[in-house]
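Overview (structure and organization)
Listed below are the residues making up each chain.
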Amino acid sequence: MSSPSPHMRVRGVTHRYGRRVALADATLDLPVGVTGLLGPNGAGKSTLMKLLATAMPLQTGEVAVGDVPLVRDNLTAVRRQLGYLPQRFEVMGWSTVRRNVEYAAWAHGLPSREAGERADRALALLGLSDRAGSRARALSGGMRQRLGLACALVHEPRVLILDEPTVGLDPAQRRGLRDAISAAAERAVVLISTHLVEDLATLADQVVVMHEGALRFVGTLDDLRALGADDAAGHASELEAGYHAVVEGRHV
């Protein structure tokens, strides 16, 4: 797991819930930097993220972090290189903010002597240092979201997977969270899903649009803007117009 150039490779991943295909033959390369994942509800975004985060077992296809395949024998090693923030996550409400982050560091394999230092660093990055001694249950929704991100990145993962991290945050809180994500993306693969297209406008290096379980678009922000250039009048931006062109099947 010591590759100098971390990346995640996804090849032919398909997932079914009973007879329903939730993800169909997904093939994707995730380089260092931010990849934004867009798509309507039911598009398959959360299924893809859960599979990549090892929260669900692969049914079909292959995933690798660097040169290490995501298979049963490697799960523990791979999980120590992952940071995952699902849409719904639990914290130890009775414990302090700092203790939650320390525990996350320890759970990802860091020795106890390093956990405190890493926790302090993560809390400072997320602007939570002044709440380190507070009970987690006393946090506001926005602060709780930042605590979740601190727990996901405290061990400095090579791959950071964030499912709708800005839900429920006001514009200032979203901006602070984006700054923390940008800092992590300087050295890690970051995959972030969102319903807010403009959240990615200054953040993403690569954009993926999913619809009905399929990857319909993979490219840069400029590529997606170009798809909406002729239809921007009816949307908030060319970026949003390009997204709708993909979802509605109006791009080649």
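Definitions and cut-offs
Residues numbered from 1 in each chain as written. Predicted model: local features only at pLDDT ≥ 70, side-chain atom pairs only at ≥ 80, totals over all residues. Heavy atoms only, no water. Helix = DSSP H or I, 4+ residues; strand = E, 2+ residues; numbered from the N terminus. Rg over C-alpha atoms; globule rule 2.2 N^0.38 Å. Buried < 20%, exposed > 50% of the residue type's maximum accessible area, 1.4 Å probe, protein only. Contact = heavy atoms within 4.5 Å. Pairing = 2+ DSSP bridges. Axes fitted to C-alpha atoms, helices over the stretch in contact; angles between N-to-C directions. Parallel < 35°, antiparallel > 145°, perpendicular 65-115°, else oblique. Nonpolar A, V, L, I, M, F, W, Y, C, P; charged D, E, K, R; others polar. Right-handed = clockwise from strand over helix to strand, strands pointing away. Salt bridge = Lys/Arg side-chain N within 4 Å of Asp/Glu carboxyl O.

**Focus: the overall build of the chain**
Within the chain one finds eight helices and ten strands. For 252 residues, the compact-globule estimate of 2.2 N^0.38 gives 18 Å, and the chain sits close to it at 18 Å. Over its C-alpha atoms, taken along the principal directions, the chain stretches across nearly 55 × 45 × 35 Å. Across the 252 residues of the chain, 50% fall into the buried class. Considering only intrachain contacts with a sequence separation of at least 6, the fraction spanning at least 24 residues in the chain is 66%.

**Some points on the sheet that holds strand β8 (residues 189-193)**
Strand order in the open sheet made by the six strands is β6-β7-β8-β3-β9-β10, with mixed pairing throughout. Each of the sheet's edge strands pairs with one partner strand only, and the pair in question is β6 (82-85) and β10 (214-219). Averaged over all pairs of adjacent strands, the angle between their axes in this sheet comes to 15°, without regard to strand direction. Pairing of strand β7 (residues 159-163) with β8, which is carried by five bridges, proceeds in the parallel orientation. Residue Asp163 lies in a different strand from β8, and its bridge partner there is Ser193. Of the strands in this sheet, β3 (33-38), β9 (206-211) and β10 are in contact with helix α7 (residues 221-228), which crosses β10 at around 105°.

**Observations concerning the packing of helix α5 (residues 141-153) against helix α6 (residues 171-184)**
Across the interface, α5 lies against α6 with an axial gap of 11 Å and an inter-helix angle of 10°. Relative to α6, the element α5 is oriented roughly parallel. Between α5 and α6, the contacting residues are Gly142, Arg146 and Leu149 on the first element and Gln173, Leu177, Ala180 and Ile181 on the second. Per-class residue counts for the contact of α5 with α6 are four nonpolar, two polar and one charged.

**Some points on the environment of Trp94**
Relative to the helices and strands, Trp94 is located in the loop between β6 and α3 (97-107). Accessibility expressed as a relative area gives 56% for Trp94, which makes it exposed. For Trp94 and Gly249, which are 155 residues apart along the polypeptide, the C-alpha to C-alpha distance reads 49 Å. When near neighbours in sequence (up to four residues on either side) are disregarded, Trp94 contacts Arg135 and Arg137.

**Some points on the pairing of β8**
Counting buried positions along β8 gives five out of five residues, so the element sits mostly inside the fold. Summarising the sheet, β3 and β8 pair through five bridges and their orientation is parallel. What sits directly across from Val34, in β8, is Val190. A crossover links β7 with its parallel partner β8, the connecting element being α6, and its sense is right-handed.

**Looking at unusual backbone geometry**
In this structure, Asp25 takes a positive phi of about 50° despite not being glycine. Of note, Asp25 is situated in strand β2 (residues 20-30). The exposure class assigned to Asp25 is exposed, which follows from its relative accessible area of 53%.

**A short note on the pairing of strand β1 (residues 8-17)**
Where β1 and β2 come together, seven bridges link them in antiparallel fashion. Bridge pairing links Arg16 to Val21 in β2. Taken together, β1 and the strand that follows it, β2, pair antiparallel across an intervening segment of two residues, in which Gly18 is found at a positive phi of about 65°. For β1 and strand β4 (residues 60-65), the ladder comprises five bridges, and the chain directions are antiparallel. Looking at β4, one finds that Val10 is bridged to Val63.

**Some points on the pattern of salt bridges**
Inspection of the entire model under this criterion finds eleven salt bridges. A salt bridge links Glu114 to Arg118; the shortest N-O distance between them is 3.8 Å. One end of the pair, Glu114, and the other, Arg118, are both in helix α4 (residues 112-125), four residues apart, so they sit about a helical turn from each other. Using a relative accessible area of 29% as the deciding quantity, one classes Glu114 as partly exposed. Close ionic contact of Arg178 with Asp199 constitutes a salt bridge, the shortest N to O distance being 3.0 Å. Separated by 21 residues along the polypeptide, Arg178 in helix α6 and Asp199 in the loop between β8 and β9 bring together distant segments of the chain. For the residue pair Arg178 and Asp199, the accessibility class agrees, reading buried in each case. Through salt bridges with shared partners, a single ionic network connects Arg98, Arg99, Glu102 and Asp120.

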